[in-house]
Amino acid sequence: MPLKNRKVVLCRRREQAGELVKALQARGIWPLVFPTFMVEPLSLEGAQAEKIRRLEEYDWLVLGSENGVRFFYQFLRAEGTLTSGSRFPEIAVVGRKTAARWDGLFPVFPVRLRSHYLQDLLNRLADLREGQPLKVLNITSQQGLENIPLKVPVGLELHRVAVYRTVPNQTLDPAEIEFVRSGNYDVVYFGSPSSFDYFRQIVGDDPLQRVAIAVSGNTTRGHLERLGFRVDIVPDTPAAEDLVAALERHFDPSIRVEEGPRLPEKPPQSSGEYLFLRACFRQPVERTPVWMMRQAGRYLPQYRQVRQRYDFVTMYKTPEAAVEVTLQPVDLLGVDAAILFSDILVVPEAMGMELRFTEGQGPVFEQPLRSEAAVEALRPLHPEEDLDFVLTAIRMLRRELEGKVPLIGFSGAPWTLATYMVEGRGSKNFLEIKKWRFGNPEGLERLLEKITAAVIAYLQAQIAAGAQAVQIFDSWAGILDPQGFRRFALPYVRKIVQAVRKPGVPIIYFAKGAGVWLETLRETEADVLGVDWTVDLGVARKLVGNRMALQGNLDPVALFAPPEVIRREVRRILTRYGQGSGHIFNLGHGILPHTPVEHARAFIEAVKQESPPFHAAE
């Protein structure tokens, strides 16, 4: 009896786990139901509600989950539009559970097409369209919008509406949490991507290294594998008897079970072909990858053409425009990574501060923070609501960049954001923020804690939307004294790194002017340390050791020199770093606005051509 006395943790909501519990108990298995999340309906307003109200305009309605069906039904009932005479599009659902829920609520509107995977279903719809465009409405969850990347087939116009969201279960028994955290069981079973995400929030990743992982279907499996986790057990269907059969196959002694660590020591295979990501994790590469900070900027004529259509704020708040300029240096220069076009000050703006950009003056906060009451008035950040334009741009960019280069998201560091928020604008002596640093350090720490929480939420949302790496910009770290850096910068960056870390997603920390603290910067626990041009890269490598990759560090002004000088400087920096991986070539700060485009291109080509000999032994 291979299953006798096995212990299985079921990450399912209690009302959904009854049949699984009975089936497992009948085979001598000890099941523990561990409901990691609860479900909440979203209040639908504006354009999202209007999409559902105009249901008759769609050719196909696609339901992504059984909860989506339930809350979709509740919305229609509340609107008073659900009658036997209602006009529905063709119905397609993802999975047997969703179909069963639909059949229970909508018996007069039969399901005509099913699939166990949303992308497969969209592809099937494209095959059925017979040359005619199809308008498709997908009802899903907030997490589904963020975590399930889709390639929309040609000929489909896809609209997606989230009708519910999942939230962590705050009612779990502490004794159960401690048991699950121990990892002293054989299998953990996840019924949805959300159940896996909240499991990690509640108990961490350590148990996943010691137990077998089972999932309910292809959507959940795909989610785990995109995050770099290996899935051991996938039942043929989510039915209880099929889970039992899959467990028996897994634990049958006659079947060899693959051994090895649960968490990957390198990025997931889907990202393994990217030079940039491999270098971030100090893995062997055939040449040094290269990109430039501010590479989507006004030194490009194509950027200036887009800028003529929008003011700066409108440009980064319009996903289509942000996508266009993000892609420009990828297509025009051949860089090895794209970085999202946005601005670090979207975070304080989303927290309630009024921001404007003035030509020749830059960003200005009309009412800078000058009191603790103003700090207390700052709002918590809700990225899906406050910064949806950023997340939309990321999802669009992932579709455009797939197979080309990875996408970098970013945020300002808490100290740098606090500096802008307190000063109100750029400064030469940083008088106001330093008054807080020396005269009200406790008040400054309260501000930094609020900003840190906002940055964590923001970067987590970027990663969930599809960012494959994130960079934390600490542009004003260099104005701090050593004690100030340790108190007001380092701990908050480290807290962010620990909170947003995900397997396969490198975190880069760039602290301009902080080269004198290289040994201290190791304590941030980031994967990559960006250094400015004042730092000798060879010295930095010796001080940092094998704990971090290094990014940098050509002086941006060097790009105004002739191409042969640029190539010479590239060789010098490659030589200073030396043989081996773990180096991402970049400028020591952002590219300057009047840089000749052909010189930027010469820089990229010089790195590509000069760096292979430094990796010949790998």
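Reading guide: rules and limits
Residues numbered from 1 in each chain as written. Predicted model: local features only at pLDDT ≥ 70, side-chain atom pairs only at ≥ 80, totals over all residues. Heavy atoms only, no water. Salt bridge = Lys/Arg side-chain N within 4 Å of Asp/Glu carboxyl O. Buried < 20%, exposed > 50% of the residue type's maximum accessible area, 1.4 Å probe, protein only. Pairing = 2+ DSSP bridges. Helix = DSSP H or I, 4+ residues; strand = E, 2+ residues; numbered from the N terminus. 1 Å grid on protein atoms, 1.4 Å probe; cavity = no way out; pocket = protein on both sides within 12 Å on 5 of 7 lines; lining within 4 Å. Points joined across faces, edges and corners; volume = space filled by probe spheres on them. Nonpolar A, V, L, I, M, F, W, Y, C, P; charged D, E, K, R; others polar. Core = buried A, V, L, I, M, F, W, Y, C linked by side-chain atoms within 4.5 Å. Contact = heavy atoms within 4.5 Å. pLDDT = per-residue confidence, 0-100.

Once that is clear, we can look at the pattern of salt bridges. Evaluation of the coordinates by the stated rule reveals 32 salt bridges. Residue E50 is joined to R54 by a salt bridge in which the shortest nitrogen-to-oxygen separation is 3.8 Å. Among the salt bridges present, the one from E57 reaches R54, with a minimum N-O distance of 2.5 Å. With a relative accessible area of 34%, E57 lands in the partly exposed category. The structure contains a network of salt bridges with shared partners spanning E50, R53, R54, E57 and K135.

This part is about the pairing of strand β8 (residues 156-168). Looking along a regular strand, one sees the side chains alternate between the two faces of the sheet. As paired strands, strand β3 (residues 37-41) and β8 are joined by five bridges and run antiparallel to one another. The residue of β8 that forms the bridge with V39 is T166. Bridge analysis of strand β7 (residues 134-141) against β8 gives eight bridges, and the strand direction is parallel. Bridging from a neighbouring strand, L137 pairs with H159 of β8.

The method is simple in principle: a probe with the dimensions of a water molecule rolls over the atoms, and the space it marks as empty is what remains. Evaluation of the coordinates by the stated rule reveals two cavities of 30 Å³ or more. As a volume, the largest cavity reaches approximately 40 Å³. Taken together, T288, L574, Y577, G578, G580, H583, F614 and H615 form the lining of the largest cavity. Each residue belonging to the lining of the largest cavity can be placed in one class, and the counts come to three nonpolar, five polar and no charged. Roughly 40 Å³ of internal volume is contained in the second largest cavity. If you trace the second largest cavity, you find it lined by A511, G513, A514, G515, L518, L521, G530, V531, D532 and V535.

Of all hydrophobic cores here, the largest spans 136 residues; its most connected members are F276, M292, L447, Y509 and F603. In terms of residues, this core owes the most to one element, helix α21 (residues 441-465), which gives twelve residues. When near neighbours in sequence (up to four residues on either side) are disregarded, F276 contacts P289, W291, D336, A337, P406, I408, A469, I508, Q551 and I584. Counting 29 residues, the second-largest nonpolar core is a separate cluster that includes L44, L55, Y73 and A99.

Our focus in this paragraph is the layout of surface pockets. In this structure, the second largest pocket encloses a volume near 1,500 Å³. Looking at the second largest pocket, it is lined by 44 residues, and the ones nearest its centre are R294, R298, F312, D343 and F357. Elements supplying a minimum of two residues to the lining of the second largest pocket: α12 (301-307), α13 (312-317), β12 (355-358) and β13 (362-365). Considering each element in turn, the lining of the second largest pocket owes the most residues, three residues, to α12.

Turning our attention to the confidence of the model for the chain. When pLDDT is averaged along the chain, the result is 87; 94% of the residues meet or exceed 70. This model gives residues 255-271 a pLDDT under 50, and the stretch forms 33 contacts once residues within four places in sequence are excluded.

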